Amino acid sequence: INIAIVSLAIIGAAALWIWGKPMMDIGTNYAAKQMCSCIYLGGRDVDDCQSDMDEGLEQIDIRHVPEREGVETDMFFISTSAAYYHPGTGCTIWN
């Protein structure tokens, strides 16, 4: 019975990685870009921008990094992303 439990755990982890990781990447990229654009292009306060984030993004850790003029995000330390402001081109995503 222990082998069955371990096998199911391995299969579950593989399925999460195969199907869940791309969705996490989309979420962290989206959150980083939206927050960066809101702060640097919209000229709004971080807390004000945070209140505009879509439902379902609560699990994403969003950090404003003013010294780099950007926003960094991560989700469960599995998916990370960042968006940085560049004058003339706006905010761009960096993975």
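What comes next is a walk through the structure. (Residues numbered from 1 in each chain as written. Predicted model: local features only at pLDDT ≥ 70, side-chain atom pairs only at ≥ 80, totals over all residues. Heavy atoms only, no water.)

Here's the deal with the pattern of salt bridges
And step 1. Per the stated rule, a full pass over the model turns up seven salt bridges.
And step 2. The salt bridge involving arginine 44 is made with aspartate 48; its shortest N-O contact spans 2.9 Å.
And step 3. On the accessibility criterion, arginine 44 (30% relative accessible area) is partly exposed.
And step 4. On the basis of relative accessibility, which here comes to 36%, the residue aspartate 48 falls in the partly exposed class.
And step 5. For aspartate 74, the salt bridge is made with arginine 63, and the minimal N-O distance between the two is 2.8 Å. Here the residue aspartate 74 occupies a position in strand E2 (residues 70-75), and arginine 63 occupies one in strand E1 (residues 61-65), the gap between them amounting to eleven residues.
And step 6. Assessed through its relative accessible area of 31%, arginine 63 is described here as partly exposed.
And step 7. Through salt bridges with shared partners, a single network forms among Asp61, Arg63, Arg68, Glu72 and Asp74. (Salt bridge = Lys/Arg side-chain N within 4 Å of Asp/Glu carboxyl O. Buried < 20%, exposed > 50% of the residue type's maximum accessible area, 1.4 Å probe, protein only. Helix = DSSP H or I, 4+ residues; strand = E, 2+ residues; numbered from the N terminus.)

Some words on the state of the cysteines
And step 1. Taken as a whole and assessed by the stated rule, the structure comprises two disulfides.
And step 2. Two residues, cysteine 36 and cysteine 91, share a disulfide whose sulfurs are 2.2 Å apart. Here the disulfide of cysteine 36 and cysteine 91 is left-handed, its torsion about the S-S bond being about -80°. Of this pair, cysteine 36 sits in helix H1 (residues 2-41) while cysteine 91 is found in strand E4 (residues 90-94), placing the two residues 55 residues apart along the sequence. (Disulfide = S-S within 2.5 Å.)

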